[in-house]
Amino acid sequence: LYNLLSLGFWIYAMIFPSFDFLLFVQSFNFLDVVFSILRFTPNSPTVTMFQWLSRIGALTLSTSTQPYLKPLLYCWAFADASRYLFYSFPKVYLIRTWRYNFFWLLYPIGIVLEVLSMISSPRYSFTNNLVFSLLIITAYMLQGPGMYCHMVKQNRKPIIRGVLELLQHHSKGSDSELVNVRF
């Protein structure tokens, strides 16, 4: 139910983009952190918390007129919609492919847009507060690659499993044992 509700929120956010609704959705997504801590989901609590904090930080420092906000909304929406769609329908090959491949582009784009939205914020712009901007940039430089590598590592197994299942599906009736690998 949570996954379908979250999916619906992101679809609504894409169709009717609104700063207030985006802030609501990201606040609601704190439940992702809670669910990972309680082990309701296999997600890392640390990674989930960092992701949530970075998004809330980007929104808290932003204004509804910032140029990076709309692309950021779509980046987050596609990334999260694919995740919640996959959690709701894990057996659908196209959804699994979307879930485990879109992040290759969406994650780095999201990181860049989050940094740009924070350091260009009228509240704490780069020119007004050099120390704050350098802290943000440093934090993302230190955390971003590690989180991206974590995503790559997490996505390897499902991608390989998906390819093997696809090969198994197409080779039914053959004597090939290569596709019967289990993870």
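The structure reproduced in this document is the subject of the present report. (Residues numbered from 1 in each chain as written. Predicted model: local features only at pLDDT ≥ 70, side-chain atom pairs only at ≥ 80, totals over all residues. Heavy atoms only, no water.)

### Quick notes on the nonpolar core
For step 1, the next point in the chain: Grouped together as the largest cluster of nonpolar side chains are 32 residues, with contacts concentrated most on Trp10, Leu22, Leu59, Trp76 and Met118.
For step 2, the next point in the chain: Elements that contribute at least two residues to this core include exactly helix H1 (2-15), helix H2 (19-28), helix H4 (45-61), helix H5 (69-88), helix H6 (93-101), helix H7 (103-119) and helix H8 (130-170).
For step 3, the next point in the chain: In terms of residue count, H5 provides more of this core than any other element does, nine residues in total.
For step 4, the next point in the chain: Among the nonpolar cores identified, the runner-up in size contains five residues, and Phe103, Tyr107, Met147 and Val152 belong to it. (Core = buried A, V, L, I, M, F, W, Y, C linked by side-chain atoms within 4.5 Å. Buried < 20%, exposed > 50% of the residue type's maximum accessible area, 1.4 Å probe, protein only. Helix = DSSP H or I, 4+ residues; strand = E, 2+ residues; numbered from the N terminus.)

### With respect to the packing of aromatic side chains
For step 1, the next point in the chain: Summed over the entire model, instances satisfying the criterion amount to 14 aromatic pairs.
For step 2, the next point in the chain: Look at Phe9 and Phe21: their rings are 5.9 Å apart centre to centre, the planes differ by 85°, and that puts the pair in the edge-to-face class. Here Phe21 lies in helix H2 and Phe9 lies in helix H1, a separation of 12 residues in the sequence.
For step 3, the next point in the chain: Given a relative accessible area of 18%, Phe21 falls into the buried group.
For step 4, the next point in the chain: Taken together, a centroid distance of 5.2 Å and an interplanar angle of 75° make the contact between Phe9 and Phe24 edge-to-face. Of this pair, Phe9 sits in helix H1 while Phe24 sits in helix H2, and the two are 15 residues apart along the sequence.
For step 5, the next point in the chain: The class of Phe9 is buried, set by a relative accessible area of 16%.
For step 6, the next point in the chain: For Phe24, a relative accessible area of 39% puts it in the partly exposed group. (Phe/Tyr/Trp six-rings, centres within 6.5 Å; stacked < 30°, edge-to-face > 60°.)

### Here's the deal with the packing of H2 against H5
For step 1, the next point in the chain: Axis separation between H2 and H5 bottoms out at 12 Å; the angle between their running directions is 40°. Every pair of crossing elements has a handedness; the one defined by H2 and H5 is left-handed. In this structure, H2 contributes Phe19, Leu22 and Gln26 to the contact, and H5 contributes Leu69, Leu73 and Trp76.
For step 2, the next point in the chain: Grouping the constituent residues of the contact of H2 with H5 by class yields five nonpolar, one polar and no charged. (Axes fitted to C-alpha atoms, helices over the stretch in contact; angles between N-to-C directions. Left-handed = near helix turned anticlockwise from the far one by under 90°. Contact = heavy atoms within 4.5 Å. Nonpolar A, V, L, I, M, F, W, Y, C, P; charged D, E, K, R; others polar.)

### Brief notes about H6
For step 1, the next point in the chain: Residues Ile95, Arg96, Arg99 and Tyr100 constitute the buried set of H6. For H6, the buried positions fall inside an angular range of 120° around the axis, keeping them on one side. (Arc of directions from axis to C-beta.)

### Describing the packing of helix H3 (residues 30-37) against H4
For step 1, the next point in the chain: One can describe the packing of H3 onto H4 by two numbers: an axis separation of 9 Å at closest approach and a directional angle of 170°. It follows that H3 is roughly antiparallel to H4 by the angle criterion. Contact residues: Phe30, Asp32, Val33, Ser36 and Ile37 in H3; Pro45, Thr48, Met49 and Trp52 in H4.
For step 2, the next point in the chain: Classifying every residue of the contact of H3 with H4 by side-chain character gives six nonpolar, two polar and one charged. (Parallel < 35°, antiparallel > 145°, perpendicular 65-115°, else oblique.)

### With respect to the pattern of salt bridges
For step 1, the next point in the chain: Scanning the model with the defined rule gives three salt bridges in all.
For step 2, the next point in the chain: The salt bridge involving Arg83 is made with Asp32; its shortest N-O contact spans 3.2 Å. Taken as a pair, Arg83 in helix H5 and Asp32 in helix H3 lie far apart in primary sequence, 51 residues in all.
For step 3, the next point in the chain: Take Asp32: its relative accessible area is 9%, and that puts it in the buried class.
For step 4, the next point in the chain: With a closest N to O distance of 2.5 Å, Asp80 and Arg55 form a salt bridge. On the criterion of sequence distance, the pair formed by Asp80 in helix H5 and Arg55 in helix H4 is long-range, its members being 25 residues apart.
For step 5, the next point in the chain: In this structure, a network of salt bridges that share partners links the residues Asp32, Arg55, Asp80 and Arg83. (Salt bridge = Lys/Arg side-chain N within 4 Å of Asp/Glu carboxyl O.)

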